[in-house]
Amino acid sequence: MDFFNALERTFTNASIVSAITSTVFIILIGYAMRKREVFTDMFAKTLTKVVLSVALPALAFTSFMQPIDPKTLSQSTNVLIWGIVMCVVLIFVMNPFFAMYKTQGDRQMTLKVLSIFGSTTFFGLPIVGAVWGAKGILYGSIFNIGYRIFLYSYAYIKMSGLKMETANIKKMFLNPIVIATFAGLILWLVQGFMPTITVTDLTGKMQNVAFYRIDLTALWLMKPLTYLSGLASPLAWLAIGSTLGSISFTKAFSDKTSWYYTFIKIVVVPIINIILLMILSMTHILPVDQTALSVIVIMMATPPATVAVSYAISFDREALLASNTSLLATLGAVVMTPIWIVVLNIIAHIGLFN
């Protein structure tokens, strides 16, 4: 299939187009509501708390309520490995991109850390869920395991100049999203060894499933979790739009370093992932399928993680630069995410990844 046929099929795919337009339109609604002062700063923060403490944990957990098969298990393992390896790779690969700031130690380090760690949970998961469904959320949640370990260890140590603290270890493992992810992952992995119940699925087919597969054995419990999961995308996008509407763009737009950073984070980092994963897949060292590739690329094409920006502000490591880059990269991600979805769909039609 040639490039133009792949492009045509992408823009005639209703699910992809609707996912892109939904993301952009709802962010714009949040932006307009903040500009008209319908939304306040406190409201945006409240939305963020609801998404992080309720909606995303429900989304992560319910994504594991599905059958396990050898291919999905193999892909999940490779995604987990790449989530760890990618952080190590970027720690070294990012050095040349910010070498010009070598004499400005804090600036170089801050740009490097913000390039490695994106808003994979708050910005990334809702998008991969909207486009690639439950399997996208499953891969995204597993990808975030290694990613979060480095975010709360390497990033903290580099930005603070201190040793690892107990408080950050607790944040690493005891926040609702991580708990929901590990709980769902364990239940998904061991379902073949658990007591089963015979149920009739939505197609009328009889099957034996683990007793805790609430998607089939306890719809009364699955349904509210599904409703909560459905809140993740729209509330996150409204919060992003509201946050953008509360910030002055003037200083950020005049900062050339922030523009350069945005290009590296939103364009270069995803390309690095595509190239490396293509090599690893072709050599069968760490093969990933199209869905896994797509999830990883979208997760890496996100603006800087709120936690990483908070480190910069808390430890006075180029706080203004971190704020400016967060704003520009968020705008860049809103623009580039639809483009990346199109590019990934073209890659899928060309058949570079199975």
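Model, not experiment: these values are computed from the prediction.

Enquirer: Explain the overall build of the protein to me, please; I cannot follow it from the model alone.
Expert: Scanning the protein from terminus to terminus reveals 16 helices and two strands. Here the protein has a C-alpha radius of gyration of 20 Å; the compact-globule value for 354 residues is 20 Å, and the two agree. Dimensions along the principal axes, computed over C-alpha positions, put the protein at roughly 65 × 45 × 45 Å. Here the protein, with 354 residues, has 51% of them falling under the buried criterion. Taking the contacts inside the protein whose residues are at least 6 apart along the sequence as the reference set, 78% of them involve residues at least 24 apart. Carbon and sulfur atoms make up 69% of the accessible area of the protein, which totals about 16200 Å². The centroid of the 23 positive side-chain charges in the protein is displaced by 5 Å from the centroid of its 13 negative side-chain charges.

Enquirer: I'm lost on the environment of Leu293 in this one. Help?
Expert: Within the secondary structure layout, Leu293 lies in helix H14 (residues 290-300). Spatially, the C-alpha atoms of Leu293 and Ile347 are 9.9 Å apart, while their sequence positions differ by 54 residues. Those residues in contact with Leu293, other than ones at most four positions away along the chain, are Ile274, Leu277, Val288, Leu344, Ile347 and Phe353.

Enquirer: In this structure, what is going on with the pattern of salt bridges? I would like to understand it.
Expert: Under the counting rule described, the total for this entry stands at three salt bridges. A salt bridge links Arg317 to Asp106, with the shortest nitrogen-to-oxygen separation between them at 2.8 Å. On the criterion of sequence distance, the pair formed by Arg317 in the loop between helix H15 (306-314) and helix H16 (319-350) and Asp106 in helix H5 (residues 105-116) is long-range, its members being 211 residues apart. Of the residues examined, Asp106 reaches a relative accessible area of 30% and is grouped as partly exposed. Of the charged contacts in the structure, one is a salt bridge between Glu318 and Arg107, with a shortest N-O distance of 3.3 Å. Taken as a pair, Glu318 in the loop between H15 and H16 and Arg107 in helix H5 lie far apart in primary sequence, 211 residues in all. Look at Glu318 and you get partly exposed, because its relative accessible area is 24%.

Enquirer: How do you make sense of helix H6 (residues 120-151) when you look at a structure like this?
Expert: A rise of 1.5 Å per residue sets the reference length of H6, with its 32 residues, at 46 Å; its end C-alpha atoms lie only 11 Å apart and thus fall more than 12% short of the reference. Of all the bends in H6, the greatest, near 140°, is centred on Trp132. H6 sits mainly inside the fold: 25 of its 32 residues count as buried.

Enquirer: Could you clarify how one ought to interpret the packing of aromatic side chains in this entry?
Expert: Aromatic ring pairs are described here by two measures, namely the spacing of the ring centres and the angle between the planes. Summed over all chains, the structure comprises eleven aromatic pairs. Ring geometry for Phe117 and Tyr154: centres 6.4 Å apart, planes at 40°, overall tilted. With Phe117 in the loop between H5 and H6 and Tyr154 in helix H7 (residues 154-160), the pair connects residues that are 37 residues apart, well separated along the chain. Ring centres 5.6 Å apart and planes at 70° place the aromatic pair Tyr156 and Tyr311 in the edge-to-face group. Placement of the pair is Tyr156 in helix H7 and Tyr311 in helix H15, with a sequence separation of 155 residues. Put simply, the rings of Phe117, Phe143, Tyr147 and Tyr154 touch in pairs and so form one group of aromatic residues.

Enquirer: Help me understand unusual backbone geometry in this model?
Expert: Excluding glycine, residues mostly carry a negative phi; peptide bonds, for their part, are mostly trans. Within the chain, Glu37 stands out as a residue other than glycine whose phi angle is a positive 65°. Mapping Glu37 onto the fold places it in the loop between helix H2 (14-35) and helix H3 (41-62). Unlike most non-glycine residues, Glu318 shows phi in positive territory, near 60°.

Enquirer: Where do I start with the confidence of the model for the protein in this structure?
Expert: Caution applies to low-pLDDT parts of the model: their predicted coordinates are not meant to be read in detail. Taken residue by residue, the protein gives an average pLDDT of 86. The fraction at 70 or more is 94%. Model confidence for the protein, summarised as mean pLDDT per element, is weakest for helix H1 (residues 3-11) at 67 and strongest for H14 at 95.

Enquirer: I'm lost on H15 in this one. Help?
Expert: Residues lying three or four places apart along an α-helix face the same way, a consequence of the helix completing one turn every 3.6 residues. Looking only at H15, the buried set comprises Ala308, Val309, Tyr311 and Ala312. Burial along H15 is one-sided: seen end-on, the buried residues are contained in an arc of 150°. Along H15, exposed side chains directed more than 90 degrees from the buried face belong to Thr306 and Ser314. Asp316, located one to two residues past H15, shows a positive phi value of around 55°.

Enquirer: How do you make sense of the packing of H6 against H14 when you look at a structure like this?
Expert: Helix-helix packing is described using two parameters, namely the angle between the two axes and the distance between the axes. In contact at an axis separation of 8 Å, H6 and H14 are set at 170° when each is read in the N-to-C sense. Comparing their axes, H14 and H6 come out roughly antiparallel. In this structure, H6 crosses over H14, and the sense of that crossing is right-handed. Contact with H6, carried on its side by Thr120, Gly124, Leu125, Ile127, Val128, Trp132, Lys135, Gly136, Tyr139, Gly140, Phe143 and Asn144, involves Thr291, Ala292, Ser294, Val295, Ile296, Ile298, Met299 and Met300 of H14 and no other residues of that element. Grouping the amino acids of the contact of H6 with H14 by side-chain chemistry returns twelve nonpolar, seven polar and one charged.

Enquirer: Would you mind showing me how to read a nonpolar patch on the surface here?
Expert: Together, Ile149, Ile169, Phe173, Leu174, Ile179, Phe182 and Ile186 line one region of the surface with nonpolar side chains, adding up to about 610 Å² of accessible area. Of all the secondary structure elements, the ones that give two or more residues to the nonpolar patch are helix H8 (166-173) and helix H9 (176-190).

Conventions adopted
Residues numbered from 1 in each chain as written. Predicted model: local features only at pLDDT ≥ 70, side-chain atom pairs only at ≥ 80, totals over all residues. Heavy atoms only, no water. Helix = DSSP H or I, 4+ residues; strand = E, 2+ residues; numbered from the N terminus. Rg over C-alpha atoms; globule rule 2.2 N^0.38 Å. Buried < 20%, exposed > 50% of the residue type's maximum accessible area, 1.4 Å probe, protein only. Contact = heavy atoms within 4.5 Å. Areas by Shrake-Rupley, 256 points an atom, 1.4 Å probe, with all protein chains shown as cover. Lys, Arg positive; Asp, Glu negative; His and termini not counted. Charge placed at Lys NZ, Arg CZ, Asp CG, Glu CD. Salt bridge = Lys/Arg side-chain N within 4 Å of Asp/Glu carboxyl O. Expected span 1.5 Å × (residues − 1). Bend = angle between axes of the 7 residues up to and from the residue. Phe/Tyr/Trp six-rings, centres within 6.5 Å; stacked < 30°, edge-to-face > 60°. pLDDT = per-residue confidence, 0-100. Arc of directions from axis to C-beta. Axes fitted to C-alpha atoms, helices over the stretch in contact; angles between N-to-C directions. Parallel < 35°, antiparallel > 145°, perpendicular 65-115°, else oblique. Left-handed = near helix turned anticlockwise from the far one by under 90°. Nonpolar A, V, L, I, M, F, W, Y, C, P; charged D, E, K, R; others polar. Patch = residues over 30% accessible without salt bridge, like charges linked within 9 Å, V, L, I, M, F, W, Y side chains within 5 Å.

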